[in-house]
Amino acid sequence: MCGRFVDPNLRGTDLEHSEIKIDPIPRRFNVKPTQEVLLLAKPQLEPHYARWWLVPSWHKGELKDWKAITFNARIEDGASKPTFRAVWRHGRCLIPTAGYYEWTGEKGAKQPHFIRSAGNEDTLWFAGLASRWGELLTCTIMTRAANAEVSDVHHRMPVILNSDEQDAWLGGSDDTNLGAGAMLRHHPVARFGIKEDGPELIEPFE
């Protein structure tokens with residue numbers, strides 16, 4: 001799964017200037033479901049902000065009436081589940097991040113781990129789906145079985161795309177093996193509460 005992540009550092013990138021045009025959010029180190037996140041959607045890969053917790057366009061009632069847990073979607077069944085079926089075809093997007101968190105250990109003493117690229121890339125590109133519910137743009141992050149890089153901290157991971165896979169995902173690929181080769185590393189970080197901002201310095205500690 002992916003329930004917490006760190007905003008990407010967009011300074012010096014083309015996205016920095018695009019983001020300015022849409023009133024950028026100060027960088028956050030503990031982004032939570034229901035908060036607004038940056039995504040890039042076709043046709044021009046324009047940046048948008050979306051509520052991270054997908055609500056399908058056909059939902060009737062108030063926002064608070066949507067009870068399903070849809071901040072993640074399994075890539076294995078995204079094409080078939082009624083909640084995601086339409087946006088699987090027409091709502092592909094990319095969600096840039098600097099990395100994400102997973103927790104290990106027993107309840108009450110869980111240890112957070114920060115997971116980021118094992119290479120020189122500053123940004124991880126998550127596969128996402130975006131849905132417009134009325135006037136509200138919402139999104140979900142796709143997940144898949146964890147690869148060997150992160151399986152010791154969690155059995156699931158976000159679908160993290162390389163440049164070729166980004167094109168395939170946005171082009172409508174049904175390949176459920178996307179993201180299997182993501183090269184990642186992780187380390188423990190200082191414990192923090194779910195309502196806190198998260199560690200501002202993402203560094204290993206002893």
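Above this text you will find the structure in question.
Treat the numbers as computed from the prediction; the structure is a model and nothing was measured.

Criteria and cut-off values
- Residues numbered from 1 in each chain as written.
- Predicted model: local features only at pLDDT ≥ 70, side-chain atom pairs only at ≥ 80, totals over all residues.
- Heavy atoms only, no water.
- Pairing = 2+ DSSP bridges.
- Helix = DSSP H or I, 4+ residues; strand = E, 2+ residues; numbered from the N terminus.
- Buried < 20%, exposed > 50% of the residue type's maximum accessible area, 1.4 Å probe, protein only.
- Arc of directions from axis to C-beta.
- Contact = heavy atoms within 4.5 Å.
- Polar contact = N/O pair within 3.5 Å; in protein donor to acceptor, adjacent residues only side chain to side chain.
- Disulfide = S-S within 2.5 Å.
- Lys, Arg positive; Asp, Glu negative; His and termini not counted.
- Salt bridge = Lys/Arg side-chain N within 4 Å of Asp/Glu carboxyl O.
- Phe/Tyr/Trp six-rings, centres within 6.5 Å; stacked < 30°, edge-to-face > 60°.
- Lys NZ or Arg CZ within 6 Å of the ring centre and 35° of its normal.

As for the sheet that holds strand β1 (residues 5-6)
The four strands lie next to each other as β1-β6-β7-β11, forming an open sheet whose pairing is antiparallel. Of all strands in the sheet, those bounded by a partner on one side alone are β1 and β11 (184-188). Sheet analysis places strand β7 (residues 111-117) next to β11, joined by five bridges and oriented antiparallel. By the bridge assignment for β11, H113 is matched with P188.

Remarks on helix α3 (residues 163-170)
For α3, every residue scored as buried is listed here: E165, Q166, W169 and L170. One face of α3 carries all of its buried residues, which in axial projection span an arc of 130°. Turned more than 90 degrees from where α3 packs its buried face, D164 and D167 sit exposed. On its buried side, α3 packs onto α2 (85-90), β5 (92-97), β8 (124-133) and β9 (136-145). A side-chain oxygen of the first residue of α3 lies 3.1 Å from the backbone nitrogen of D164; this N-cap is N162.

Some words on the side chain of Q166
You can see Q166 is positioned in helix α3. Separated by 3.4 Å, the side chain of Q166 and the backbone oxygen of L161 make a polar contact. In this view, Q166 contacts L94, W125 and L161; residues no more than four positions away in its chain are not counted.

What about the state of the cysteines?
Per the stated rule, a full pass over the model turns up zero disulfides. Among the cysteines around C139, which has no disulfide bond, C93 carries the closest sulfur, lying 5.9 Å off.

Quick notes on the side chain of R51
Here R51 lies in strand β3 (residues 46-52). No salt bridge is formed by the buried R51; the nearest opposite charge belongs to E36, separated by 8.7 Å. Setting aside anything within four residues of it in sequence, one finds R51 in contact with T34, Q35, E36, L63, L136, L137, T138 and C139.

Quick look at the packing of aromatic side chains
Summed over the entire model, instances satisfying the criterion amount to 11 aromatic pairs. Considering the side-chain rings of Y101 and F114, the 5.4 Å spacing of their centres and the 55° angle between planes classify their relative orientation as tilted. One end of the pair, Y101, is in strand β6 (residues 99-104); the other, F114, is in strand β7, with 13 residues separating them in the sequence. Classification of Y101 by relative accessible area gives buried; the value is 0%. The exposure class assigned to F114 is buried, which follows from its relative accessible area of 2%. Taken together through their ring pairs, the aromatic side chains of F5, W52, W53, F71, Y100 and F126 make up a single cluster. Taking the ring centre of W88 as reference, the NZ or CZ of R92 above it sits at 4.5 Å.

Focus on the environment of Q35
Mapping Q35 onto the fold places it in the loop between α1 (14-20) and β2 (36-41). When the C-alpha positions of Q35 and R51 are compared, they lie 5.5 Å apart, and in sequence the two are 16 residues distant. For Q35, the contacting residues outside a window of four places in its chain are R28, N30, A50, R51 and W52. Side-chain polar atoms of Q35 contact the backbone nitrogen of K32, separated by 2.8 Å.

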